[in-house]
Amino acid sequence: TEEDPYAVDWTNTHNATFGPWQLEELEPGVQAVFTPNPNYYRGQPYFSEVIWREIPVSANRMALLQGGDVDVALRLTGRERAQLAGDDSLKIPRVQTNLTNQWRLNFNVEPFDNKLVRQAMAYSVPYDQIQEQVYFGLAEPMKSFYMPWAPGYNPDPWVYTEDLEKAQELLEEAGYPDGFEQEVAVSGGWPEYEELAVQIKSNLAKIGVTLNIDKMPESKFNENRYERTFPSTIDYDQGQVPLGAYSYRLLLSA
């Protein structure tokens, strides 16, 4: 229309799709209803309707799945997946994901503007403990900005392991012998990320660093994440195509 020549307003509540589904109804923060796209070139999908509900708490998603009230539940924690593993009425597919979880440090905020501090933080992460107690063996450390499934992936240059003594030495060299206090922002929509933050916070306390966890609703987190005002965050990224250049642009570009 003349008022909305590029359909920016229209696409707030509709989707311009060439796939098998079209958006029929949208209640922001509640649910989206999808129906088959009659113009899809490969014919009609099996289901006549798909309802995608927003359930912010993963424990509630798990309960709805167990009760048969939903067919699929996404973003369950490693702990919850382990609890469901013995339920023969459910299927838990496992594939190598393109999802990466990261503790991101803001280079423009003190003391993370100091490379030695950032290196100290990398030596402070309890990698093995996180794998065991947060992901229950369903994850592996990210040892390159390339995704593990991308051609060119090479983990060999990665040097960081949990080494609190080395971390303490780096903090002293950086001018923080007594540690410091800073914050990490966490979205309440990803309970695993709060567990990650707790694990990191606990380890940092051993070298005098106080990491305060700022947990907030996912909507608020998303509003502010790209403003780059958080001192640090625990967040995710996904490389949608298996190309090194894509990962490079995604994680290293300004």
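These numbers were taken from a predicted model, which means no experiment stands behind them. (Residues numbered from 1 in each chain as written. Predicted model: local features only at pLDDT ≥ 70, side-chain atom pairs only at ≥ 80, totals over all residues. Heavy atoms only, no water.)

**Q** Please explain the packing of helix α3 (residues 115-124) against helix α5 (residues 164-174) as it appears in this structure.
**A** The contact between α3 and α5 brings their axes to 8 Å, and the two run at 165°. Taken together, α3 and α5 sit at an angle that is classed as roughly antiparallel. Considering the relative orientation of α3 and α5, their crossing is left-handed. Each of L116, V117, Q119, A120, M121, Y123 and S124 in α3 lies in contact with α5, whose residues at this interface are L164, K166, A167, L170, L171, E173 and A174. (Axes fitted to C-alpha atoms, helices over the stretch in contact; angles between N-to-C directions. Helix = DSSP H or I, 4+ residues; strand = E, 2+ residues; numbered from the N terminus. Parallel < 35°, antiparallel > 145°, perpendicular 65-115°, else oblique. Left-handed = near helix turned anticlockwise from the far one by under 90°. Contact = heavy atoms within 4.5 Å.)

**Q** Can you walk me through the sheet that holds strand β1 (residues 21-27) in this structure?
**A** Strand pairs in the sheet, formed through backbone hydrogen bonds, run parallel or antiparallel to each other. The antiparallel open sheet is built from three strands, whose spatial order is β1-β2-β3. Of all the strands in the sheet, just β1 and β3 (50-53) have a single pairing partner and so form its edges. Going across the sheet, the axis of each strand differs from the next one's by a mean of 20°, ignoring polarity. Bridge count for strand β2 (residues 31-36) against β3 is four bridges, and the pairing is antiparallel. From the neighbouring strand, Q31 faces β3, where its bridge partner is R53. (Pairing = 2+ DSSP bridges.)

Geometric descriptors of this kind do not, in isolation, establish any biological role.
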